[in-house]
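Structural description and commentary
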Amino acid sequence: MTQTHATGPKLANPLNPFTLYFSLNNGLSDAAPSLKRHLSKMKGMYADDEAYRSLLADGADPLVYEFHELGIPESDGNLAFGTSIVYPGKVGDEYYMTKGHFHTILDTAEVYYCIGGKGMMLMENPEGDWDVQEFAPGKAVYVPGRYAHRSINTGHEPLITFYVFRADAGHDYGTIETKGYRKIVVERDGQPAVLDNPKWK
Ligand SMILES: O=P(O)(O)OC[C@H]1O[C@](O)(CO)[C@@H](O)[C@@H]1O
Ligand SMILES: [Fe+2]
């Protein structure tokens, strides 16, 4: 090592070695800003449009999830990583969740390691196969290439995960925004249940 580098989010291109701290309690990093997705950014994604509208009444706009995206250069040798925090809540009986996406380079996989909370990773591929895997602290979920992925908080605490994927993978939101997922995860008798999405096109 010939020089020291400040740790933190100021990422140079090409990258130098660096270290970043993410809290094991709330998933956040003091050194890097998070991107926040409020409910108003998820129009049409929940099955119950009326429940969605009523949660946004009178100017309310709850924070559904936030994540750290560090701006790692999107070249094929790099890894993008960060934490993702989905807050507890529901729209009607459907749990708070991320938008979800395919990777633009469809074959690109991703790993999520759960640090806190409880939930599910909902996945589906263009061939129509779907799957859910459970998140609980200590569980690592592998999202294979070709699978769209959405994190869902089925518990009462923030669902905190750490993710890593190939930095050039890209995000394809269009397909999910127009077609939706085949499945939704809702609360039934106090338990999560996977149902057909009535809005799926
Ligand atoms: O991109 P979405 O579906 O809004 O969800 C955000 C999460 O997915 C990621 O894009 C990783 O796949 C992270 O930035 C973040 O954890
Ligand atoms: Fe992804």
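Being a predicted model, the structure only gives us computed values, none of them experimental.

Tetrahedral metal sites with four donors have an ideal angle of 109.5 degrees; octahedral sites with six donors have ideal angles of 90 or 180 degrees. Protein-derived coordination of the iron ion (ligand 2) comes from His 101 (NE2), His 103 (NE2), Glu 110 (OE) and His 149 (NE2), at a distance range of 2.1 to 2.3 Å. Going along the chain, you hit the donors of the iron ion (ligand 2) in the pattern H-x1-H-x6-E-x38-H. We note that His 101, like Glu 110, is buried.

On to the site of ligand 1, then. Neighbouring residues of ligand 1: 16 residues in total, closest Tyr 65, Gly 100, Glu 110, His 171 and Tyr 173. Contacts to ligand 1 include Ser 84, whose side-chain N or O atom sits 3.3 Å from an oxygen atom. Gly 100 has a polar backbone atom sitting 2.7 Å from an oxygen atom of ligand 1. Elements supplying a minimum of two residues to the shell around ligand 1: strand 2 (63-67), strand 7 (110-116) and strand 12 (159-166). A per-class count over the shell around ligand 1 returns six nonpolar, six polar and four charged.

Moving on to the nonpolar core. Among the nonpolar cores identified, the biggest contains 42 residues, and Met 42, Tyr 46, Val 64, Val 91, Met 121 and Phe 135 are the most heavily contacted of them. Per-element accounting of this core gives the leading share, four residues, to strand 8 (residues 119-124). Apart from the residues within four sequence positions on either side, Phe 135 is in contact with Tyr 112, Cys 114, Gly 117, Lys 118, Gly 119, Met 120, Met 121, Val 141, Ser 151, Leu 159 and Thr 161.

The subject of this paragraph is the sheet that holds strand 8. Whether parallel or antiparallel, the strands of a sheet pair through hydrogen bonds between backbone atoms. Strand order in the open sheet made by the three strands is 9-8-11, with antiparallel pairing throughout. What marks the edges here is a single partner per strand, and that holds for strand 9 (130-135) and strand 11 (148-153). Pairwise comparison of adjacent strand axes, ignoring direction, gives a mean angle of 20 degrees for this sheet. One ladder, built from six bridges, connects strand 8 with strand 9; its direction is antiparallel. In the strand pairing of strand 9, Gly 119 is matched with Phe 135.

Rules used throughout
- Residues numbered from 1 in each chain as written.
- Chains lettered and ligands numbered in written order.
- Predicted model: local features only at pLDDT ≥ 70, side-chain atom pairs only at ≥ 80, totals over all residues.
- Heavy atoms only, no water.
- Donors = N, O, S within 2.8 Å, 3.2 Å for Na, K, Ca; no water.
- Buried < 20%, exposed > 50% of the residue type's maximum accessible area, 1.4 Å probe, protein only.
- Near = heavy atom within 4 Å.
- Polar contact = N/O pair within 3.5 Å; in protein donor to acceptor, adjacent residues only side chain to side chain.
- Helix = DSSP H or I, 4+ residues; strand = E, 2+ residues; numbered from the N terminus.
- Nonpolar A, V, L, I, M, F, W, Y, C, P; charged D, E, K, R; others polar.
- Core = buried A, V, L, I, M, F, W, Y, C linked by side-chain atoms within 4.5 Å.
- Contact = heavy atoms within 4.5 Å.
- Pairing = 2+ DSSP bridges.
- Axes fitted to C-alpha atoms, helices over the stretch in contact; angles between N-to-C directions.

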